[in-house]
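Structural features, examined
Here is how the chains run, residue by residue.
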Amino acid sequence: MQSLAVAGWVGLTGGRLFAAQSKAQDYLMVLRKPDGGLGWSDQPGSHLVATHAVVGCCVALRIELTDVNSLAGFIRRKHPADNKPTKQHYREFDLQQIETLQWLGLDTSDFQEKVGQWKAPIPYASEYERNACPIFRKQIAALLCREQLDLPWDDLDKPMREYVVQRRRPNGSFSNTPADDGSDGHVVATWWGLQASRLFGQLAELREPLVAWLQACQQSDGGFTWQPD
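Residues numbered from 1 in each chain as written. Predicted model: local features only at pLDDT ≥ 70, side-chain atom pairs only at ≥ 80, totals over all residues. Heavy atoms only, no water.

What follows concerns the packing of helix H4 (residues 68-77) against helix H5 (residues 91-103). The geometry of a pair of packed helices is captured by two quantities: the angle between their axes and the separation between those axes. In the contact formed by H4 and H5, the axes pass within 9 Å of each other and the chain directions differ by 165°. In terms of orientation, H4 and H5 fall into the roughly antiparallel class. Note that H4 runs across H5; the crossing there is left-handed. Contact residues: H4 offers Ala72, Ile75 and Arg76, while H5 offers Gln97, Thr100 and Leu101. (Axes fitted to C-alpha atoms, helices over the stretch in contact; angles between N-to-C directions. Helix = DSSP H or I, 4+ residues; strand = E, 2+ residues; numbered from the N terminus. Parallel < 35°, antiparallel > 145°, perpendicular 65-115°, else oblique. Left-handed = near helix turned anticlockwise from the far one by under 90°. Contact = heavy atoms within 4.5 Å.)

Quick look at the structure:
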(Lines give C-alpha, C1' and ligand atoms only; values in the text may rest on other atoms or scores of the structure.)
Protein backbone atom coordinates (compact mmCIF):
# COMPACT_ATOMS: atom_id res chain seq x y z
CA MET A 1 0.00 0.00 0.00
CA GLN A 2 2.79 2.44 0.90
CA SER A 3 4.71 1.66 -2.29
CA LEU A 4 1.61 2.41 -4.36
CA ALA A 5 1.16 5.66 -2.50
CA VAL A 6 4.71 6.85 -3.18
CA ALA A 7 5.06 5.67 -6.77
CA GLY A 8 1.58 6.44 -8.05
CA TRP A 9 -0.37 3.98 -10.20
CA VAL A 10 0.57 5.41 -13.57
CA GLY A 11 -0.26 2.35 -15.69
CA LEU A 12 -4.01 2.30 -15.10
CA THR A 13 -6.31 4.03 -17.57
CA GLY A 14 -9.95 3.96 -18.57
CA GLY A 15 -11.94 0.96 -17.37
CA ARG A 16 -9.00 -0.54 -15.47
CA LEU A 17 -8.63 2.64 -13.46
CA PHE A 18 -12.36 2.73 -12.69
CA ALA A 19 -12.33 -0.91 -11.53
CA ALA A 20 -9.28 -0.28 -9.35
CA GLN A 21 -10.94 2.83 -7.90
CA SER A 22 -14.08 0.95 -6.95
CA LYS A 23 -12.31 -1.96 -5.25
CA ALA A 24 -9.75 0.25 -3.54
CA GLN A 25 -12.33 2.72 -2.27
CA ASP A 26 -14.34 -0.05 -0.62
CA TYR A 27 -11.22 -1.09 1.29
CA LEU A 28 -9.57 2.25 1.97
CA MET A 29 -12.60 4.07 3.32
CA VAL A 30 -13.17 1.55 6.13
CA LEU A 31 -9.72 2.48 7.47
CA ARG A 32 -10.93 5.94 8.58
CA LYS A 33 -10.96 6.23 12.38
CA PRO A 34 -12.89 8.45 14.80
CA ASP A 35 -9.74 10.45 15.68
CA GLY A 36 -9.65 11.89 12.15
CA GLY A 37 -6.83 9.81 10.73
CA LEU A 38 -6.57 6.41 9.10
CA GLY A 39 -5.26 3.16 10.51
CA TRP A 40 -4.97 -0.56 9.97
CA SER A 41 -8.20 -2.54 9.91
CA ASP A 42 -7.31 -4.62 12.99
CA GLN A 43 -6.44 -1.62 15.20
CA PRO A 44 -8.80 0.93 16.76
CA GLY A 45 -6.66 4.04 16.33
CA SER A 46 -5.00 5.90 13.48
CA HIS A 47 -1.31 6.05 12.66
CA LEU A 48 0.68 8.42 10.47
CA VAL A 49 2.26 5.59 8.45
CA ALA A 50 -1.13 4.16 7.48
CA THR A 51 -2.55 7.65 6.89
CA HIS A 52 0.33 8.54 4.55
CA ALA A 53 -0.21 5.33 2.58
CA VAL A 54 -3.98 5.63 2.29
CA VAL A 55 -3.94 9.29 1.26
CA GLY A 56 -1.29 8.53 -1.35
CA CYS A 57 -3.42 5.70 -2.72
CA CYS A 58 -6.49 7.92 -2.86
CA VAL A 59 -4.60 10.63 -4.74
CA ALA A 60 -3.12 8.12 -7.18
CA LEU A 61 -6.53 6.51 -7.81
CA ARG A 62 -8.47 9.81 -7.80
CA ILE A 63 -10.60 8.81 -4.83
CA GLU A 64 -12.07 11.85 -3.08
CA LEU A 65 -11.35 12.19 0.62
CA THR A 66 -13.92 13.82 2.89
CA ASP A 67 -13.41 15.92 6.04
CA VAL A 68 -9.93 16.98 4.95
CA ASN A 69 -9.62 19.48 7.83
CA SER A 70 -9.99 16.74 10.42
CA LEU A 71 -7.56 14.55 8.52
CA ALA A 72 -5.00 17.36 8.27
CA GLY A 73 -5.32 18.05 11.98
CA PHE A 74 -4.46 14.45 12.78
CA ILE A 75 -1.46 14.50 10.43
CA ARG A 76 -0.04 17.67 12.00
CA ARG A 77 -0.46 16.68 15.63
CA LYS A 78 0.30 12.94 15.57
CA HIS A 79 4.02 12.53 14.87
CA PRO A 80 4.63 8.93 16.07
CA ALA A 81 7.91 9.88 17.75
CA ASP A 82 6.55 12.73 19.89
CA ASN A 83 6.83 10.63 23.05
CA LYS A 84 10.16 9.00 22.20
CA PRO A 85 13.74 10.15 22.88
CA THR A 86 14.58 13.08 20.60
CA LYS A 87 18.10 11.75 20.06
CA GLN A 88 16.66 9.08 17.78
CA HIS A 89 15.49 11.62 15.16
CA TYR A 90 12.59 9.96 13.31
CA ARG A 91 12.85 12.17 10.24
CA GLU A 92 11.02 9.76 7.96
CA PHE A 93 7.83 10.63 9.87
CA ASP A 94 8.37 14.33 9.16
CA LEU A 95 8.69 13.41 5.49
CA GLN A 96 5.40 11.50 5.65
CA GLN A 97 3.67 14.46 7.30
CA ILE A 98 4.94 16.83 4.61
CA GLU A 99 4.10 14.53 1.70
CA THR A 100 0.62 13.71 3.00
CA LEU A 101 -0.31 17.34 3.60
CA GLN A 102 0.98 18.30 0.15
CA TRP A 103 -1.05 15.51 -1.46
CA LEU A 104 -4.07 17.11 0.20
CA GLY A 105 -3.12 20.45 -1.35
CA LEU A 106 -2.27 22.05 2.01
CA ASP A 107 0.47 24.45 3.06
CA THR A 108 3.60 22.93 4.64
CA SER A 109 5.69 26.06 5.13
CA ASP A 110 5.49 25.60 8.91
CA PHE A 111 7.91 22.67 8.55
CA GLN A 112 10.65 24.80 6.99
CA GLU A 113 12.25 25.98 10.23
CA LYS A 114 12.53 22.48 11.69
CA VAL A 115 13.84 20.88 8.49
CA GLY A 116 16.29 23.73 7.90
CA GLN A 117 18.02 22.90 11.18
CA TRP A 118 19.10 19.46 9.97
CA LYS A 119 22.70 20.00 8.88
CA ALA A 120 24.44 16.60 8.78
CA PRO A 121 23.98 12.89 9.48
CA ILE A 122 23.40 12.30 13.19
CA PRO A 123 25.00 9.28 14.93
CA TYR A 124 22.45 6.87 16.35
CA ALA A 125 22.41 6.11 20.06
CA SER A 126 25.10 3.51 20.78
CA GLU A 127 22.80 1.60 23.14
CA TYR A 128 20.72 0.75 20.05
CA GLU A 129 23.46 0.62 17.37
CA ARG A 130 26.86 -0.61 18.56
CA ASN A 131 28.92 1.60 16.24
CA ALA A 132 26.51 4.56 16.45
CA CYS A 133 25.99 4.45 12.67
CA PRO A 134 23.35 6.98 11.60
CA ILE A 135 20.18 5.19 10.50
CA PHE A 136 20.15 5.45 6.71
CA ARG A 137 16.48 6.15 6.02
CA LYS A 138 16.34 8.85 8.71
CA GLN A 139 19.26 10.72 7.15
CA ILE A 140 18.02 10.45 3.56
CA ALA A 141 14.64 11.72 4.75
CA ALA A 142 16.37 14.98 5.70
CA LEU A 143 17.36 15.49 2.06
CA LEU A 144 13.93 14.57 0.76
CA CYS A 145 12.20 16.93 3.21
CA ARG A 146 14.34 19.77 1.86
CA GLU A 147 13.32 18.81 -1.67
CA GLN A 148 9.60 18.65 -0.80
CA LEU A 149 9.75 22.09 0.82
CA ASP A 150 11.81 23.64 -2.00
CA LEU A 151 14.54 24.48 0.50
CA PRO A 152 18.19 24.77 -0.58
CA TRP A 153 20.43 21.96 0.58
CA ASP A 154 23.85 23.41 -0.22
CA ASP A 155 24.80 23.13 3.46
CA LEU A 156 23.87 19.43 3.39
CA ASP A 157 25.46 18.61 0.04
CA LYS A 158 29.02 17.75 1.13
CA PRO A 159 28.31 15.84 4.37
CA MET A 160 25.34 13.96 2.91
CA ARG A 161 27.07 13.15 -0.37
CA GLU A 162 30.02 11.67 1.53
CA TYR A 163 27.69 9.80 3.86
CA VAL A 164 25.71 8.26 0.98
CA VAL A 165 28.79 7.33 -1.09
CA GLN A 166 30.36 5.60 1.92
CA ARG A 167 27.28 3.36 2.16
CA ARG A 168 27.12 2.40 -1.48
CA ARG A 169 28.42 -1.09 -2.27
CA PRO A 170 30.37 -1.84 -5.47
CA ASN A 171 27.26 -3.63 -6.79
CA GLY A 172 25.23 -0.41 -6.50
CA SER A 173 23.25 -1.43 -3.42
CA PHE A 174 23.20 0.47 -0.12
CA SER A 175 23.11 -0.41 3.55
CA ASN A 176 23.06 1.32 6.91
CA THR A 177 26.77 0.71 7.58
CA PRO A 178 29.81 1.94 5.59
CA ALA A 179 30.68 -0.34 2.66
CA ASP A 180 34.20 -0.96 3.96
CA ASP A 181 32.81 -3.38 6.56
CA GLY A 182 32.45 -5.89 3.71
CA SER A 183 28.71 -6.46 4.09
CA ASP A 184 26.21 -6.52 1.24
CA GLY A 185 23.42 -4.02 0.68
CA HIS A 186 19.79 -4.20 1.82
CA VAL A 187 16.93 -3.68 -0.61
CA VAL A 188 15.09 -1.18 1.64
CA ALA A 189 18.22 0.90 2.23
CA THR A 190 18.83 0.72 -1.52
CA TRP A 191 15.39 2.22 -2.17
CA TRP A 192 16.35 5.20 0.02
CA GLY A 193 19.85 5.37 -1.47
CA LEU A 194 18.46 5.63 -4.99
CA GLN A 195 16.42 8.66 -3.99
CA ALA A 196 19.55 10.38 -2.69
CA SER A 197 21.47 9.34 -5.80
CA ARG A 198 18.76 10.95 -7.94
CA LEU A 199 19.32 14.25 -6.14
CA PHE A 200 23.09 13.90 -6.57
CA GLY A 201 22.79 13.03 -10.28
CA GLN A 202 24.38 9.60 -9.77
CA LEU A 203 21.67 7.21 -10.96
CA ALA A 204 23.24 6.32 -14.29
CA GLU A 205 26.44 4.94 -12.77
CA LEU A 206 24.43 2.61 -10.52
CA ARG A 207 22.12 1.12 -13.11
CA GLU A 208 23.90 -1.89 -14.59
CA PRO A 209 25.38 -3.50 -11.44
CA LEU A 210 22.34 -2.67 -9.34
CA VAL A 211 19.85 -4.19 -11.78
CA ALA A 212 21.88 -7.42 -11.69
CA TRP A 213 21.92 -7.31 -7.87
CA LEU A 214 18.16 -6.78 -7.68
CA GLN A 215 17.52 -9.60 -10.13
CA ALA A 216 19.65 -11.85 -7.93
CA CYS A 217 17.32 -10.99 -5.03
CA GLN A 218 14.36 -12.51 -6.87
CA GLN A 219 13.08 -15.84 -5.61
CA SER A 220 11.54 -18.76 -7.49
CA ASP A 221 8.00 -17.60 -6.58
CA GLY A 222 8.61 -14.22 -8.21
CA GLY A 223 8.97 -12.26 -4.96
CA PHE A 224 12.15 -10.65 -3.67
CA THR A 225 14.25 -10.99 -0.55
CA TRP A 226 16.41 -8.25 0.99
CA GLN A 227 19.67 -9.33 -0.66
CA PRO A 228 20.90 -12.22 -2.83
CA ASP A 229 21.11 -15.63 -1.15
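A few words now on the nonpolar core. Residues Leu28, Ile140 and Leu143 are the most contacted members of the largest nonpolar core, which totals 48 residues. For this core, the secondary-structure elements that each account for two or more residues are helix H2 (14-28), helix H3 (48-60), H4, H5, helix H7 (136-148), helix H8 (154-166) and helix H9 (187-199). For this core, the element with the most residues is H7, which contributes seven residues. (Core = buried A, V, L, I, M, F, W, Y, C linked by side-chain atoms within 4.5 Å. Buried < 20%, exposed > 50% of the residue type's maximum accessible area, 1.4 Å probe, protein only.)

Turning our attention to unusual backbone geometry. In this model, aspartate 67 sits at a positive phi of 50°, which is unusual for a non-glycine residue. Mapped onto the elements, aspartate 67 comes out in the loop between H3 and H4.

A separate point is the confidence of the model for the chain. Of all residues in the chain, 90% have pLDDT values of 70 or greater, and the mean over the chain is 88. Within the chain, helix H1 (residues 2-7) has the poorest average pLDDT of any element, 50, and H5 the best, 96. Low pLDDT, under 50, characterises residues 7-12; the predicted model gives this stretch nine contacts beyond four residues in sequence or across chains. (pLDDT = per-residue confidence, 0-100.)

The next thing to look at is the packing of aromatic side chains. For any pair of aromatic rings, the description consists of the separation of the ring centres together with the inter-plane angle of the planes. Summed over the entire model, instances satisfying the criterion amount to six aromatic pairs. A centroid spacing of 5.9 Å and a plane angle of 25° characterise the contact between phenylalanine 136 and phenylalanine 174, whose relative ring orientation is stacked. Here phenylalanine 136 is found in helix H7, whereas its partner phenylalanine 174 is found in the loop between H8 and H9, with 38 residues between them in sequence. The class of phenylalanine 174 is buried, set by a relative accessible area of 0%. Site record: aromatic cluster; members linked through ring pairs are Phe136, Tyr163 and Phe174. (Phe/Tyr/Trp six-rings, centres within 6.5 Å; stacked < 30°, edge-to-face > 60°.)

What follows concerns the packing of H7 against H9. Contact pair H7 / H9: the axes reach a minimum separation of 10 Å and the direction vectors enclose 35°. Crossing handedness for the pair H7 and H9: left-handed. For the pair H7 and H9, the contacting residues are Phe136, Arg137, Ile140, Ala141, Leu143, Leu144 and Glu147 in the first and Ala189, Trp192, Gly193, Gln195, Ala196, Arg198 and Leu199 in the second. The class makeup of the residues in the contact of H7 with H9 is nine nonpolar, two polar and three charged. (Nonpolar A, V, L, I, M, F, W, Y, C, P; charged D, E, K, R; others polar.)

Our next topic: H3. When the terminal C-alpha atoms of H3 are compared, their 18 Å separation across 13 residues agrees well with the 18 Å that a helix rising 1.5 Å per residue should span. A positive phi of about 60° marks arginine 62, the residue just after H3. (Expected span 1.5 Å × (residues − 1).)

What follows concerns H5. Across its 13 residues, H5 extends 18 Å between first and last C-alpha, which sits within 8% of the 18 Å expected from 1.5 Å per residue. Buried residues dominate H5, accounting for 11 of its 13 residues. Inspection of H5 places Arg91, Glu92, Phe93, Asp94, Leu95, Gln96, Gln97, Ile98, Glu99, Thr100 and Leu101 among the buried residues, and these make up the whole buried set. Once H5 finishes, glycine 105 follows within two positions and takes phi at roughly 80°, a positive value.

Moving on: the pattern of salt bridges. One pass over the full model with this rule turns up 11 salt bridges. Where glutamate 92 meets arginine 137, a salt bridge forms, and the shortest distance between an N and an O atom there is 3.1 Å. Residue glutamate 92 is located in helix H5, and its partner arginine 137 is located in helix H7; the two are separated by 45 residues in the primary sequence. Among the salt bridges present, the one from glutamate 147 reaches arginine 198, with a minimum N-O distance of 2.8 Å. Of the two residues, glutamate 147 sits in helix H7 while arginine 198 sits in helix H9, which places them 51 residues apart along the sequence. For glutamate 147, a relative accessible area of 28% gives the class partly exposed. Bridged by salt links that share partners, the residues Glu92, Arg137 and Lys138 form one connected network. (Salt bridge = Lys/Arg side-chain N within 4 Å of Asp/Glu carboxyl O.)

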